[in-house]
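Structural overview for review
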Amino acid sequence: MTDRQKTNSTPRSRSRQAAETPDLSSVLSAKVVGQPNVISSIVPYVEMFQAGLAPENRPVGVFLLLGPTGTGKTRTVEALAEVLHGSSRNLLKIDCGEFQMEHEVAKLIGAPPGYLGHRETQPMLSQQKLTAVTSERSSLSLVLFDEIEKAAPSLTRLLLGVLDRGVLRLGDNSSVNFEKSLVFLTSNLGAKEMMREINPDFGFQSATSGAAKEDVSQKLQSIALSAVRRKFSPEFVNRIDHVITYQPLDAEAFAAITDHEIDNLQNHVNTRLGIRCFAVEVPFPTRQWLIERGTSPEYGARELKRTIHKHLTQPLATMVAKNQVEPGARVRVEVAKNGESLVLRATENGEAVAPSHPTVLLVDDNRDLLQFLERLMAEAGWELLAAESAGEALKIVSKRKPNAALLDYMLPDGNGVDLAQRLQRIVPNLPVIMMTGTMLGAEEEAICEEHDFPVLRKPFLATDVMNQIRARISARAQNGR
Ligand SMILES: Nc1ncnc2c1ncn2[C@@H]1O[C@H](COP(=O)(O)OP(=O)(O)OP(=O)(O)O)[C@@H](O)[C@H]1O
Ligand SMILES: [Mg+2]
């Protein structure tokens, strides 16, 4: 058995990794919207690594990501880092624009001994840097060479060695091993030509039928491939496992990305402000307004985050700083009458319909946790209905109607996701929060997503649970108004 197989294929590490990345494809698709081909191209390489079957003497996988701007190329690698390592920062990103001149390439690999100042030039690519972006969860490093077409030719030559043998030789003659790395190259090659292809006058905006979309996507693919062949040598192109062309995003994808960003903002408010958190209410016309300003065929979703930041996050922060939002209140965001800006209006705490001392159903067979939360909630004036099984919970709910339910996924007589759906048949719109010590299966994840059951992974802070419950109850109360 080789070293590589030894490190990756012990049954323990295999089952650990499998448990932690239950269904990579579905988790990634929620983060990278509208690019199914991208996910189906990349995921098998990650799985191959997790199974200990990645080939030797080369990186685990090498991908060239092409396509129009703002369609998720960089986001894909960040999302993979989030899923594999828990943070988008676990990613070694080389901005190739910084290596346009031959002498700048030394920054990447360090200067050879004998050169003045060689000791001060720490290589940007080193074995430590590769290891630093791995995590306890996975030993796979993600390396991103962004805008590869901008790099000096010597960088492409260095890369050829990496793609070919999985090794990079540094200035001091030591070497960096890429056998446990996925290498992503992104490029704007062919982007101008693609833009002409997706110009709104005759492009994808009018291409609503599946066949027309398919046609645009094939044209983009062939534009991308011929641009790549013009720029890079055949040896280089042959060592790339997949050349992936991103598709222009459609209205549905823009809407999903917008919803996702607004959910992130709400989560941020909940976790950062703790008991002072409040609900942000963004109705459909406001979402449409943000989409119109933040997205375009030319720039994809690139401006969306900035638009949300400018028109939503910043004004919200100002309101908080000026003490204009009561804890537990809600802030409704509407388009101004002239259609030019957004208006944020905070309701008084008293205006919120949400009960200030809610009754919460807690179902878990962990007695210690039950008792701990019971004490904490009682201190806050909340009432707790505790059950240790699904059967017991259903009995309680037939007599008392809670304002929210906190359910453990693993129950002695079933699972929390099933129970949640049964409870909602008895108490329609009951806000439900799932707790779990393991990852949910793909099907359960999908049900939670569909029914909007947030999933809290154990261990968690008691204040986080209470904030989640508070935010859910007040959001539900407002929607029901
Ligand atoms: N498919 C997508 N799914 C989710 N978010 C996306 C997607 N595409 C773009 N975004 C949003 O737009 C932002 C910009 O996307 P990203 O940086 O991935 O663009 P890119 O394709 O790398 O473009 P460029 O060629 O200009 O570098 C992301 O941070 C994300 O908020
Ligand atoms: Mg990018």
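Rules used throughout
- Residues numbered from 1 in each chain as written.
- Chains lettered and ligands numbered in written order.
- Predicted model: local features only at pLDDT ≥ 70, side-chain atom pairs only at ≥ 80, totals over all residues.
- Helix = DSSP H or I, 4+ residues; strand = E, 2+ residues; numbered from the N terminus.
- Contact = placed C-beta atoms within 7 Å.
- Core = buried A, V, L, I, M, F, W, Y, C linked by C-beta atoms within 7 Å.
- Buried ≥ 20, exposed ≤ 12 C-beta atoms within 10 Å, placed from the backbone.
- Domains from an automatic or database assignment.
- Expected span 1.5 Å × (residues − 1).
- Pairing = 2+ DSSP bridges.
- Axes fitted to C-alpha atoms, helices over the stretch in contact; angles between N-to-C directions.
- Near = placed C-beta within 6 Å.
- Nonpolar A, V, L, I, M, F, W, Y, C, P; charged D, E, K, R; others polar.
- pLDDT = per-residue confidence, 0-100.

Side note on the overall build of the chain
Summing up its helical and strand segments, the chain has 19 helices and 17 strands in all. In the chain, the share of contacts with a sequence separation of at least 24, taken over all contacts with a separation of at least 6, comes to 69%.

Section: the nonpolar core
Leu-65, Leu-142, Leu-144, Val-183 and Phe-184 are the most contacted members of the largest nonpolar core, which has 78 residues in total. The residue makeup of this core includes at least three contributed by each of domain 1 (3-248) and domain 2 (252-351). With residues near it in sequence (within four places) discarded, Phe-184 still touches Phe-63, Leu-65, Val-77, Val-143 and Leu-144. One finds Ala-387, Ala-405, Tyr-409 and Ala-420 within the second-largest nonpolar core, a separate group that totals 32 residues.

Thoughts on helix H15 (residues 367-379)
Between its terminal C-alpha atoms H15 stretches 18 Å, which fits the 18 Å expected from 13 residues at 1.5 Å a residue. Within two residues after H15, Gly-381 carries a phi angle of roughly 85°, on the positive side.

Regarding the sheet that holds strand S3 (residues 141-146)
Read across the sheet, 5 strands follow the order S2-S3-S6-S1-S7 without closing on themselves; strand pairing throughout is parallel. Of all strands in the sheet, those bounded by a partner on one side alone are strand S2 (92-95) and strand S7 (242-245). Strand after strand, the sheet turns through a mean of 20° between neighbouring axes, direction not considered. Where strand S1 (residues 61-66) lies against strand S6 (residues 181-186), 5 bridges are found, and the strand directions are parallel. Residue pairing across strands places Leu-65 opposite Thr-186, the latter belonging to S6. Sitting on the sheet, helix H5 (residues 73-85) is in contact with S1, S3 and S6, with an inclination near 165° to S3.

Things to note about unusual backbone geometry
Positive phi is not limited to glycine here, since Asn-429 has a value of about 65°. Along the polypeptide, Asn-429 turns up in the loop between helix H17 (416-426) and strand S16 (432-436). One non-glycine residue with positive phi stands out, namely Asp-452, at about 60°. Topologically, Asp-452 is positioned in the loop between helix H18 (442-451) and strand S17 (455-457). Given 12 C-beta atoms within a 10 Å radius, Asp-452 is considered exposed.

Overview of the environment of Val-325
You can see Val-325 is positioned in the loop between helix H14 (304-321) and strand S9 (330-335). Its 24 C-beta neighbours within 10 Å are what place Val-325 among the buried residues. Residues within four places of Val-325 in sequence aside, it is in contact with Phe-278, Met-319, Val-320, Val-331 and Ala-346.

Digging into the site of ligand 1
Not every one of the 19 residues close to ligand 1 is listed here, only the nearest: Thr-69, Gly-72, Lys-73, Thr-74 and Arg-75. For the shell around ligand 1, the secondary-structure elements that each account for two or more residues are H5 and H14. At 3 residues, H5 tops the list of elements feeding residues into the shell around ligand 1. For the shell around ligand 1, the class distribution of residues is 6 nonpolar, 9 polar and 4 charged.

Some points on the confidence of the model for the chain
Low-pLDDT stretches of the model should not have their predicted coordinates read in fine detail. Overall, the predicted model of the chain reaches an average pLDDT of 84, with 88% of residues at or above 70. Ignoring residues within four places in sequence, the model shows residues 1-21, a span with pLDDT below 50, making 24 contacts including any to other chains. pLDDT under 50 marks residues 202-207. Its contacts with residues more than four places away, or in other chains, come to 14 contacts.

Describing the sheet that holds strand S13 (residues 404-408)
Note: strands within a sheet are paired through backbone hydrogen bonds, in either parallel or antiparallel orientation. In spatial order, the strands read S12-S11-S13-S16-S17; together these 5 strands make up an open sheet with parallel pairing. Every other strand in the sheet has two partners, leaving strand S12 (383-387) and S17 as the edge strands with one partner each. Strand after strand, the sheet turns through a mean of 20° between neighbouring axes, direction not considered. In terms of strand pairing, strand S11 (residues 359-363) meets S13 through 4 bridges, oriented parallel. Residue pairing across strands places Val-363 opposite Leu-407, the latter belonging to S13. Together, S11 and S12 form the strand contacts of H15, whose direction differs from that of S12 by roughly 165°.

Topic: the environment of Asp-146
Tracing the chain through its elements places Asp-146 in strand S3. On the basis of neighbour count, Asp-146 is assigned to the buried category, with 20 C-beta atoms found within 10 Å. For the pair Asp-146 and Leu-65, spaced 81 residues apart in sequence, the C-alpha to C-alpha distance is 9.5 Å. Beyond its immediate chain neighbours, meaning those up to four positions away, Asp-146 contacts Thr-74, Lys-93, Ile-94, Asp-95, Cys-96 and Thr-186.

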